[in-house]
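As a plain string of letters, each chain reads:
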Amino acid sequence: MNRPHRDPDPAARRGGGGHRIARTGAAVALVVAAVCYASWLLAPVLNPGLRPVQSYLSELAARDQPYHLVFQLGDVTTGLCATAAGLLLARVVREVPRPAWWGLLVFGVATAVDGGYTSMDCAPSIDDRCARLEEAGELSWRHQAHTVTSSVAVAGALLSLVAVLAVLRGPVRRRAGLVVAVVLAVGTVGTLVATLHPEWGLGLWQRVQLTGLSGWLLLTAAVARRGPGPERPR
């Protein structure tokens, strides 16, 4: 005997709609984060005194630099948006490994702290006195902690990217993921090496690294909105 057809549970329908809204909101937040994380592109206009090849991008937000609040706000906004997206996606997305969202959360929290609390005191690449004080360990704890929070943020992003890459499907998304991974890996390795030899273009390598991080945020936004696979025909 055939059972009468029943409509899906209204609560389930509402949950599905809520998940779509959450995914869309997270994707929008990640796009905003990617744009704000690229605030360093304003450097030639707002702070042309820093040297693009030798200077840390973090020096743009140093508390003695012009327009440092603009760059600090960019980091804080990036961190808050990434944190909110990570919390939403951890709740509603099941087809992507949880480490993708854990890494996103780590990146978000560390970046928000980086911009809001552990910004540098001064810019050692253009200020000899600042460089001497930094080498002697006589700057504030916030300046000294900056390296830690920045490193934690990058580690979180790398964890997230690896988890996202593991589930990407379709040639277009896989190629995009590979490009992002290569740019971020090259920039990160170059930055680590140039940290020991700043004359090897520290600022240039770090700009490559941040380009990769913005690319990762955009890639994650696409996965948040549509999932890891290619779009299915409707």
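Here the structure is shown first, and the text comes after it.
Everything in this summary refers to the structure shown in the same document. All of these numbers come straight from a predicted model, not from anything done at the bench.

1. Some details on the packing of aromatic side chains
Within the structure shown, the criterion is met by 2 aromatic pairs. A ring pair is formed by Y37 and F107, whose centres lie 5.4 Å apart and whose planes are at 75 degrees; its orientation type is edge-to-face. Remark: F107 occurs in helix α4 (residues 98–116) and Y37 occurs in helix α1 (residues 10–37); sequence separation between them is 70 residues. Summarising the burial analysis for this pair, Y37 and F107 share the class buried. Ring geometry for F107 against W216: centres 4.9 Å apart, planes inclined by 85 degrees, an arrangement best described as edge-to-face.

2. Quick word on the nonpolar core
Counting 50 residues, the largest nonpolar core has L104, W216 and L217 as the members making the most contacts within it. Going through the elements one at a time, α1, α2 (43–46), α3 (68–92), α4, α6 (141–165), α7 (171–196) and α8 (202–226) are the ones with two or more residues in this core. Among residues more than four places away in sequence, those in contact with L217 are L30, A33, A34, Y37, T78, L104 and F107.

3. As for a nonpolar patch on the surface
Together, L178, V182, V186 and W205 make up an exposed nonpolar region whose accessible area comes to about 340 Å². With 3 residues, α7 is the single largest residue contributor to the nonpolar patch. Position of V186 relative to the elements: it lies in helix α7. According to the relative accessible area criterion, V186 is partly exposed, its value standing at 41%.

4. Quick notes on α6
Taking 1.5 Å per residue, 25 residues should reach 36 Å; α6 reaches 36 Å between its end C-alpha atoms and fits that length. The largest bend in α6 is about 25 degrees, located at T147. Where α6 is buried, its residues contact α4, α5 (128–136), α7 and α8.

5. Quick notes on the side chain of T118
By the element assignment, T118 lies in the loop between α4 and α5. Within the local environment of T118, its side chain forms a polar contact with the side chain of D114, the two groups lying 3.3 Å apart. Among the polar contacts listed, one links the side chain of T118 to the side chain of T149, at a separation of 3.0 Å. Not counting chain neighbours up to four residues away, the residues in contact with T118 comprise V113, W141, R142, A145, H146 and T149.

6. Notes on the environment of V31
When you line up the elements, V31 lands in helix α1. By relative accessible area, which is 37% here, V31 ends up partly exposed. Other than its neighbours up to four places away in sequence, V31 contacts L218 and A221.

Cut-off values and rules
- Residues numbered from 1 in each chain as written.
- Predicted model: local features only at pLDDT ≥ 70, side-chain atom pairs only at ≥ 80, totals over all residues.
- Heavy atoms only, no water.
- Phe/Tyr/Trp six-rings, centres within 6.5 Å; stacked < 30°, edge-to-face > 60°.
- Helix = DSSP H or I, 4+ residues; strand = E, 2+ residues; numbered from the N terminus.
- Buried < 20%, exposed > 50% of the residue type's maximum accessible area, 1.4 Å probe, protein only.
- Core = buried A, V, L, I, M, F, W, Y, C linked by side-chain atoms within 4.5 Å.
- Contact = heavy atoms within 4.5 Å.
- Patch = residues over 30% accessible without salt bridge, like charges linked within 9 Å, V, L, I, M, F, W, Y side chains within 5 Å.
- Areas by Shrake-Rupley, 256 points an atom, 1.4 Å probe, with all protein chains shown as cover.
- Salt bridge = Lys/Arg side-chain N within 4 Å of Asp/Glu carboxyl O.
- Expected span 1.5 Å × (residues − 1).
- Bend = angle between axes of the 7 residues up to and from the residue.
- Polar contact = N/O pair within 3.5 Å; in protein donor to acceptor, adjacent residues only side chain to side chain.

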